[in-house]
2 protein chains.
Amino acid sequence: MTEARIRNARTRAADNLVSIYERQIIDGTLAVGEPLPPEREIMQFFGVSRTVVREAVQALSAKGLVEARPRFRPVVRTPGYDAAIEAVGSVVNRLLTVPGGVRNLFELRIMMEAALVRDAALHADKIHVARMKQALADNEAAISDSQRFFDTDIAFHRVLYEVPDNPVLPPIHQAYTDWLSSHWKRMPRDPEHDHVNYRAHSRIFESILFRDPDAAELALRDHLDYAWNQVRQTFAEP
Amino acid sequence: MTEARIRNARTRAADNLVSIYERQIIDGTLAVGEPLPPEREIMQFFGVSRTVVREAVQALSAKGLVEARPRFRPVVRTPGYDAAIEAVGSVVNRLLTVPGGVRNLFELRIMMEAALVRDAALHADKIHVARMKQALADNEAAISDSQRFFDTDIAFHRVLYEVPDNPVLPPIHQAYTDWLSSHWKRMPRDPEHDHVNYRAHSRIFESILFRDPDAAELALRDHLDYAWNQVRQTFAEP
DNA sequence: TCTGCATTTTTGTCATACCAAATCGGAACG
DNA sequence: CGTTCCGATTTGGTATGACAAAAATGCAGA
C-alpha cells in the first residue's frame, strides 16, 4: 500500500521542474491566468533540455495546474474545484468500462443525493427553496420536450448540490451529468417517463418543504431507482 | 462549459497513440500487467518520433492506464478503483491548498459517512457487524497508544465504507485517510482524546446494532465535528 | 486609433547521440 | 540440474540541433 510511493527511488529530471512550478503556482508567484515562460527560457534558466521542459509542462497539464492547448502557451489555471473534477474525468471514464462500473457509480450517486435531500429537508433556506420551486416549474413546462426536460431535470438536481454551500458539490454534480449523460441520452424518450419523473421531483420538493428528511430520502430513492431501471437497459448489466 | 472540450481543434500527434493504446488496454489486447512495447518499437511501428511516443506514454501514465516507473517499462495497470483514486491524488492536494479547502473536503466526508452509518444501521449484515465489533475492540485496546489508536481509528471507519459492497467506496476512504492524515498527525495527541473518540465509535456501533439510523447519524456527526475541531487547530481557518 | 500584413517567436515534431540502468544470456559454480 | 554471477545488449532518460507551422509581435497604412 505505502510501498507504492516508496519505490520512487530515482526521479526524472522533469519532476523537479514540476514541483518547482507547482510551488510557484500555489504560492502565487505565478498568478492565475498568467502564461508559463517560453520553453527555451525555462530550459536556459534551469539548464535542462527542452525535452525535460516539455515533459514537465505536460505533467503540470495532466495535474490540472496549467491549461495547455496545442500551440498555445500553457496558462496557469484557476484553482477551482471544476478544474479538479475535470482532470478526473478521464479516470472515471475508465471506471465506467470495468464490469459493473456504471452501476457502482450510479449507486454512489444515489447514496450522495439521498444525503443531499436529507440535508435539504433539514437546512434548505428560502433562497434554495425558491430556486427548487423555479426549477420544478421549468421541469413541468418542459414535459414531452425531450431535450428540455433532460436539461431541466438536471437543473433540478443541481439545486440539491447547492444547498449545503460546499463548493465541492456542484462540480461533482457536473461530473455526474457529464459522465452519465452519454448513457442517459440513449434512454428511450417517452413523455410518460417525463410525467413520472416530474411527479417524482415534485414529491421530493414537497417532502423538503414539509421538512421531512425520511420522506424526501424515500422519494429520491424511488426516483433514482426508476431512473436506474431505465439507464440499465442500455447495458447488459444485471 | 462545453466549449472547454470544443476548443481542442488541432490535435497533438501523441493523442492518437494515446487513444490507440487506450482502446487496446480496455478491450484486453494488452493484458493487465503486460508491459508496453519498447519505445523504439512503437515509434517504428507507427512511424513517429520517440518524442511523440514518450509523450503518449506519459499521458497514459497520467490517466492511470499504465504504471510508468522511471527506467522501467510501463506496465498496463489493473483497472481498479484504487488506481483511479490514486491518479486524482495530486488534484485533490491542490484543492487542499485553496482557502477553506480542508474544511470543504472534511464536510464532504461528514456528509458521506453520515450516509454510510445510516446505511449500515439499516443494512449491515452479521459479517460487517462482527467486523465492526472487532475493529472497535482493537480501537479500545489501542487507547493511549497514539499511533496504534490512529490506525485502529481508521480501520473502524473503513468498515463503514465496506458495508454497502460498492467497490468505489473503500478507495474513497483510502483517499480520505491519505489526504487528511498529514494534518491529522499534526493534531495534539492526548489520551483524553482517545477516550472521547473511542466512546464515540462505541456509540456509533451501538446505534447501528439497534438499527437506529437517526441515532447513528447523530453519533457520527458529533464524532466528526469533534474531530474537525481538533483538525482545524492546525490551520488558520475560521 | 484601428486594421492588415510582414516579421519574429514559439511550439510541435523529427532525427541523432550518449549515458546509465535494466534486462538478458551464458559461463562458472555448487 | 539448478543457482549465482558477470558481461553484453537493450532500453529508458536526457541533450542537442533542426525545421515547419502556427501564434505573437510590431509596424505601416487607413
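See the structure printed just above.
The following paragraphs examine the structure supplied in this document. (Residues numbered from 1 in each chain as written. Chains lettered and ligands numbered in written order. Predicted model: local features only at pLDDT ≥ 70, side-chain atom pairs only at ≥ 80, totals over all residues. Heavy atoms only, no water.)

A few points about the overall build of chain A
- Helices and strands together make up the secondary structure of chain A, namely 11 helices and 2 strands.
- In chain A, the succession of α and β elements from N to C terminus is α-α-α-α-β-β-α-α-α-α-α-α-α.
- When burial is assessed residue by residue, chain A has 48% of its 238 residues classed as buried.
- Considering only contacts within chain A whose residues lie at least 6 apart along the sequence, 72% involve residues at least 24 apart. (Helix = DSSP H or I, 4+ residues; strand = E, 2+ residues; numbered from the N terminus. Buried < 20%, exposed > 50% of the residue type's maximum accessible area, 1.4 Å probe, protein only. Contact = heavy atoms within 4.5 Å.)

Points about the protein's contact with DNA strand D
- Neighbouring residues of DNA strand D: 19 residues in total, closest Ala-13 and Ser-49 of chain A together with Arg-40, Arg-50 and Arg-54 of chain B.
- Considering DNA strand D, the proportion of its atoms within 4 Å of the protein that are sugar or phosphate atoms stands at 58%.
- When contributions to the surface near DNA strand D are tallied by element, the ones reaching two or more residues are helix H4 (50-62) of chain A together with helix H3 (39-46) and helix H4 (50-62) of chain B.
- The biggest single contributor to the surface near DNA strand D is H4 of chain A, with 3 residues.
- In terms of residue class, the surface near DNA strand D is made up of 6 nonpolar, 2 polar and 11 charged. (Near = heavy atom within 4 Å. Nonpolar A, V, L, I, M, F, W, Y, C, P; charged D, E, K, R; others polar.)

Observations concerning the environment of Ala-155 of chain A
- Examined against the element boundaries, Ala-155 of chain A turns out to sit in helix H8 (residues 146-162).
- Considering only alpha carbons, one finds Ala-155 of chain A and Asp-138 of chain A, 17 residues apart in sequence, at a separation of 9.1 Å.

Some details on the packing of helix H7 (residues 126-141) of chain A against helix H10 (residues 191-209) of chain A
Residues and elements named next belong to chain A.
- The N-to-C vectors of H7 and H10 enclose an angle of 165°; their axes lie 10 Å apart at closest approach. Classed by the angle they form, the pair H7 and H10 counts as roughly antiparallel. Viewed along their axes, H7 and H10 form a crossing whose handedness is left-handed. Along its contact with H7, which presents Val-129, Met-132, Lys-133, Leu-136, Asn-139 and Glu-140, the element H10 presents Tyr-198, His-201, Ser-202, Phe-205, Ile-208 and Leu-209.
- Grouping the constituent residues of the contact of H7 with H10 by class yields 7 nonpolar, 3 polar and 2 charged. (Axes fitted to C-alpha atoms, helices over the stretch in contact; angles between N-to-C directions. Parallel < 35°, antiparallel > 145°, perpendicular 65-115°, else oblique. Left-handed = near helix turned anticlockwise from the far one by under 90°.)

Thoughts on helix H6 (residues 101-123) of chain A
- With 23 residues, H6 of chain A should cover 33 Å at 1.5 Å per step; its first-to-last C-alpha distance of 33 Å lies within 8% of that length.
- Summarising burial for H6 of chain A: 19 of the 23 residues are buried, a large majority. (Expected span 1.5 Å × (residues − 1).)

Observations regarding the protein's contact with DNA strand C
- Lining the immediate environment of DNA strand C, one finds 19 residues, of which Arg-40, Arg-54 and Arg-71 of chain A together with Ala-13 and Val-52 of chain B sit closest.
- The sugar-phosphate share of atoms of DNA strand C within 4 Å of the protein amounts to 62%.
- Within the side chain of Ser-49 of chain B, an N or O atom sits 2.8 Å from a phosphate oxygen of DNA strand C.
- Within the residue set of the surface near DNA strand C, elements represented by two or more residues are helix H3 (39-46) and H4 of chain A together with H4 of chain B.
- For the surface near DNA strand C, a count of residues per class yields 6 nonpolar, 2 polar and 11 charged. (Polar contact = N/O pair within 3.5 Å; in protein donor to acceptor, adjacent residues only side chain to side chain.)

A short note on the packing of aromatic side chains
- In the structure shown here, the tally under the stated rule is 6 aromatic pairs over all chains.
- A centroid spacing of 6.1 Å and a plane angle of 65° characterise the contact between Tyr-21 of chain A and Phe-46 of chain A, whose relative ring orientation is edge-to-face. Placement of Tyr-21 of chain A in helix H2 (residues 13-26) and of Phe-46 of chain A in helix H3 is noted, with a sequence separation of 25 residues between them.
- On the numbers, 5.1 Å between centres and 40° between planes, the contact of Phe-106 of chain B with Trp-228 of chain B is tilted. On the criterion of sequence distance, the pair formed by Phe-106 of chain B in helix H7 (residues 101-123) and Trp-228 of chain B in helix H12 (residues 213-231) is long-range, its members being 122 residues apart. With respect to class, Phe-106 of chain B is no different from Trp-228 of chain B; both count as buried.
- Grouped by ring-pair contacts, the aromatic residues Tyr-21, Phe-45 and Phe-46 of chain A constitute a single cluster.
- Positioned over the ring face of Phe-106 of chain A is Arg-109 of chain A, at 5.7 Å from the centre of the ring. (Phe/Tyr/Trp six-rings, centres within 6.5 Å; stacked < 30°, edge-to-face > 60°. Lys NZ or Arg CZ within 6 Å of the ring centre and 35° of its normal.)

A word on the side chain of Asp-119 of chain A
- Position of Asp-119 of chain A among the secondary structure elements: in helix H6.
- No salt bridge is formed by the buried Asp-119 of chain A; its nearest oppositely charged neighbour, Arg-221 of chain B, is found at 5.1 Å.
- Dropping the residues within four chain positions of it, Asp-119 of chain A is found in contact with Ala-124, Val-163 and Pro-164 of chain A. (Lys, Arg positive; Asp, Glu negative; His and termini not counted. Salt bridge = Lys/Arg side-chain N within 4 Å of Asp/Glu carboxyl O.)

Overview of the side chain of Asn-166 of chain A
- Structurally, Asn-166 of chain A can be placed in the loop between H8 and helix H9 (169-184).
- Setting aside chain neighbours within four positions, we find Asn-166 of chain A in contact with Asn-104, Glu-107 and Leu-108 of chain B.

Description of helix H9 (residues 146-162) of chain B
Residues and elements named next belong to chain B.
- An ideal rise of 1.5 Å per residue puts 24 Å on 17 residues; H9 measures up with 25 Å between its terminal C-alpha atoms.
- Every buried residue belonging to H9 is among Phe-149, Phe-150, Thr-152, Asp-153, Ile-154, Phe-156, His-157, Val-159, Leu-160 and Tyr-161, and all of these are buried.
- Where H9 is buried, its residues meet H7, helix H8 (126-141), helix H10 (169-184), helix H11 (191-209) and H12.

Here we look at the packing of H4 of chain A against H4 of chain B
- H4 of chain B packs onto H4 of chain A with a crossing angle of 25° between their chain directions and a minimal axis gap of 10 Å. Judged by the inter-axis angle, H4 of chain A sits roughly parallel to H4 of chain B. Like other packed secondary-structure pairs, H4 of chain A and H4 of chain B cross with a definite hand, here right-handed. Between H4 of chain A and H4 of chain B, the residues in contact are Arg-54, Glu-55, Gln-58, Ala-59 and Ala-62 of chain A and Arg-54, Glu-55, Gln-58, Ala-59 and Ala-62 of chain B, respectively.
- In terms of residue class, the contact of H4 of chain A with H4 of chain B is built from 4 nonpolar, 2 polar and 4 charged.

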